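Each chain is listed here by its residues.
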Amino acid sequence: MTATTIHDIGYRHYGGPRLGRGYAIRSLYSNSLRGVFGLGRPGRAKVLPFALFALMCIPALVSVAVRLVMAKLVPTAPPINLFPYRAYIFDLQAISAIFLAAQSPQMVSRDLRFHVMPLYLSRPIRRFDYILAKLAAMFSALLIVFAAPLTLLYLGALLNKMNAWDQLTQYGPALGGAVVYALVLAAFGLCVASLTPRRGFGVAAIIALYLVSYGAVSILQGILVANTYDSAAGYVGLLSPYTLVEGFQTWALRQEHTGIGYVEPGAGGAVFVVVVVAVLAAALGILVARYRKVAS
Amino acid sequence: MTIIATRGLTKRFPRVTALDRLDLRVEPGVVGLVGANGAGKSTLIKILLGLLPVTEGGAEVLGMDVRTSGEAIRARVGYMPEHDCLPADVSATEFCVHMARMSGIPPSAARERTADVLRHVGLYEERYRPIGGYSTGMKQRVKLAQALVHDPDLMFLDEPTNGLDPAGRDDMLGLIRRIGTDFGISVLVTSHLLGELERICDHVIIIDGGRLLRAQDIGAYTEATKTIAVEVAEGRDTLGHRLADSGLQVRANGRDLLVDLRDEETYDVVRDAVTDLGLGLVRLEQRRHHISDVWQERPA
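One structure accompanies this document, and this report is about it. None of these values were measured; they are calculated from a predicted model. (Residues numbered from 1 in each chain as written. Chains lettered and ligands numbered in written order. Predicted model: local features only at pLDDT ≥ 70, side-chain atom pairs only at ≥ 80, totals over all residues.)

### Observations regarding the sheet that holds strand β6 (residues 77-80) of chain B
Each strand in a sheet pairs with another by means of backbone hydrogen bonds, the pair being arranged parallel or else antiparallel.
Residues and elements named next belong to chain B.
Here comes step 1: The six strands lie next to each other as β6-β7-β8-β3-β9-β10, forming an open sheet whose pairing is mixed. Looking at strand neighbours, the two that pair on one side only are β6 and β10 (211-217), the edges of this open sheet. Strand after strand, the sheet turns through a mean of 15° between neighbouring axes, direction not considered.
Here comes step 2: Sheet topology places strand β7 (residues 154-158) next to strand β8 (residues 186-191); five bridges connect them, and they run parallel. Residue pairing for β8: Leu154 is matched across the bridge by Ser186.
Here comes step 3: Relative to β7, helix α1 (residues 41-48) is tilted by about 150°, and along the sheet it contacts β3 (30-34), β7, β8 and β9 (203-208). (Pairing = 2+ DSSP bridges. Helix = DSSP H or I, 4+ residues; strand = E, 2+ residues; numbered from the N terminus. Axes fitted to C-alpha atoms, helices over the stretch in contact; angles between N-to-C directions. Contact = placed C-beta atoms within 7 Å.)

### As for helix α11 (residues 241-252) of chain A
Residue and element names in this part refer to chain A.
Here comes step 1: Compared with an ideal rise of 1.5 Å per residue, which puts twelve residues at 16 Å, α11 spans 16 Å between its outermost C-alpha atoms and is within 8% of the ideal.
Here comes step 2: Within α11, eleven of the twelve residues are buried, leaving the element largely enclosed by the surrounding structure.
Here comes step 3: By the burial criterion, the buried members of α11 are Pro241, Tyr242, Thr243, Leu244, Val245, Glu246, Gly247, Phe248, Gln249, Thr250 and Trp251.
Here comes step 4: Contact partners of the buried residues in α11: α4 (85-91), α5 (93-113), α8 (164-194), α9 (199-226), α10 (230-236) and α12 (270-292). (Expected span 1.5 Å × (residues − 1). Buried ≥ 20, exposed ≤ 12 C-beta atoms within 10 Å, placed from the backbone.)

### As for the pairing of β3(B)
Consecutive side chains along a regular strand alternate between the two faces of the sheet.
Residue and element names in this part refer to chain B.
Here comes step 1: Within β3, five of the five residues are buried, which leaves it mostly tucked inside the rest of the structure.
Here comes step 2: Of the two faces of β3, the one carrying Val30, Gly32 and Val34 and the one carrying Val31 and Leu33 are both buried.
Here comes step 3: Two strands pair when backbone bridges link them, and β3 and β8 are joined in this way by five bridges, in the parallel orientation. Residue pairing for β8: Val34 is matched across the bridge by Ser191.
Here comes step 4: Direction of pairing for β3 relative to β9: parallel, over a ladder of four bridges. The residue of β9 that forms the bridge with Val34 is Ile206.

### Considerations on the sheet that holds strand β1 (residues 4-12) of chain B
Here comes step 1: Within the open sheet, the four strands sit side by side as β2-β1-β4-β5 (chain B). Their pairing is antiparallel. Each edge of the open sheet is held by one strand with a lone partner, namely β2 (17-26) and β5 (64-65) of chain B.

### Things to note about the interface of chain B and chain A
Here comes step 1: Listed per partner, the contact involves 36 residues of chain B and 33 residues of chain A.
Here comes step 2: Looking at the side of chain B that touches chain A residue by residue, the classes come out as 18 nonpolar, six polar and twelve charged. (Nonpolar A, V, L, I, M, F, W, Y, C, P; charged D, E, K, R; others polar.)

### Overview of unusual backbone geometry
Trans is the prevailing form of peptide bonds, just as negative phi is the prevailing case for residues other than glycine.
Here comes step 1: The phi torsion at Thr228(A) lies on the positive side, around 60°, for a residue other than glycine.
Here comes step 2: Here Thr228(A) shows up in the loop between α9 and α10.
Here comes step 3: On the neighbour-count criterion, Thr228(A) (9 C-beta atoms within 10 Å) is exposed.
Here comes step 4: Within the chain, Arg21(B) stands out as a residue other than glycine whose phi angle is a positive 45°.
Here comes step 5: Considering the arrangement of structural elements, one finds Arg21(B) in strand β2.

### Focus on the environment of His83(B)
Here comes step 1: Of note, His83(B) is situated in the loop between β6 and α3 (92-102).
Here comes step 2: Separated by 77 residues in the primary sequence, His83(B) and Pro160(B) place their C-alpha atoms 9.3 Å from one another.

### Re the environment of Leu213(B)
Residue and element names in this part refer to chain B.
Here comes step 1: Mapped onto the elements, Leu213 comes out in strand β10.
Here comes step 2: On the basis of neighbour counts, which here come to 15 C-beta atoms within 10 Å, the residue Leu213 falls in the partly exposed class.
Here comes step 3: Distance from Leu213 to Ser108, taken between C-alpha atoms, is 46 Å for residues 105 residues apart in sequence.

### Section: the packing of helix α3 (residues 44-73) of chain A against α5(A)
All names here are of chain A.
Here comes step 1: At a minimum axis distance of 9 Å, the contact between α3 and α5 shows a crossing angle of 165°. Relative to α5, α3 is oriented roughly antiparallel. For the element pair α3 and α5, the recorded crossing hand is left-handed. In contact with Leu48, Pro49, Leu52, Leu55 and Met56 of α3, α5 contributes Ile95, Ser96, Ile98, Phe99, Ala102 and Gln103. (Parallel < 35°, antiparallel > 145°, perpendicular 65-115°, else oblique. Left-handed = near helix turned anticlockwise from the far one by under 90°.)

Below is the structure:
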């Protein structure tokens, strides 16, 4: 291609439709969601998110496979899943925690580090729209990671001719729990990641906060349970993201409890709902305050 | 039609007044906005984009009020910031498509326009590689492309030649000129280097300390003046005195003597004086204004 041909083509003006702010927000949302999974990025950016996604799904597949074989070998075996719906996300939390830590910074720190914000802000969107699109994208990414294995479990159960309604009563609430997990974790991850333009710091900070809070909760709960303060141990769960949502779904979605410590079904459990709402509101407040300071 | 108009535009930050009762009227074309660092150029652009609140006065861009129509203005304006603003991990194509969509262009049109615009700015095979591996010149082209990809009516280019080598600078200036003439898009381009704006602009606006210093057609700055510059190898002052004795207005300017041109005979007087004194004449020319004279002639 030579310079001459380029000049001959000439500049063409655009006469088509110009979609407004809503479309711009949706474009940012879909671009960010693709970015979480490394789509539209070089190959190596896809490795980690897809590996973690696969890791999340493997136990569900194993569960379905085991059930298939069991049904053949022992026709009288009780129709249970190796990994129950209600505990799936909580039991595999290490995987989604790594996913969150690795992908939140790439979602927001990157735009800060490379000063992309002025370009976004010179488009027909507002600062709050940016925050909203990024939160929605991270929420959707986590929901995909959570809902995919749960759905595999459910489809596997149907394949195994287990009672569809009985399965649905477990699958449905578990999906509801997945929504709350995704909301809380997305807010937590983006909040921490938005505080630093350095990707590495973001990853380390999220992992550290997760490990420290979960470790502290586990130790405290262990001590309290050993001294038969089971209820108090349950409330300690408010202090770490996964145990918080676990408490929420135990109470609000009437799910059987996972992990140690136990909050009596009753008014006390409502605290978990209040704290979940408070955490989401606080995270939004922090993000708004943070992005008010980002230069346009 | 006026593309940019400001009336008594004032912007005060807690410690500094960035713009001080600025009155501007900018007509379509390639317009240079000149000022030293800190003169208020970037602040003006941010206000015109509707991103910074105005302290006093008002401004309109493409006939829209910056206070109330920021989004509508930003949909029709392209902005190329002064500093780095490109993510390293995506290709120029991927990035420009995304930015076109952020400006409201539907997906398929965004891809078409990206291909067009990247070709116009001179990016070819490399447009599929991550931007992180680009040279400064290529990055500047991508920054220009993302400001052009949604076919704006007006572009704000903030120091587009920053960090470029002389060849890259020439290419960039040529591109900007072409955007103004061939593409028919108005451009407001800032620079602290006057010389490069002389080459590409139809009009030049000079601001200093947030105030308007001068706004004129480029021709007005560079028209011939009634002054001739005389340079001699040695004996500048001797010649100066001799010419002053002949009744000419003379002042020293570096190695030159600036002599007011009364009529054609002034040349002869200078020539004769040089010959009589036996000096070596290096240069004798009628001076033209450069934009930069605005700075030197300004009362301190």
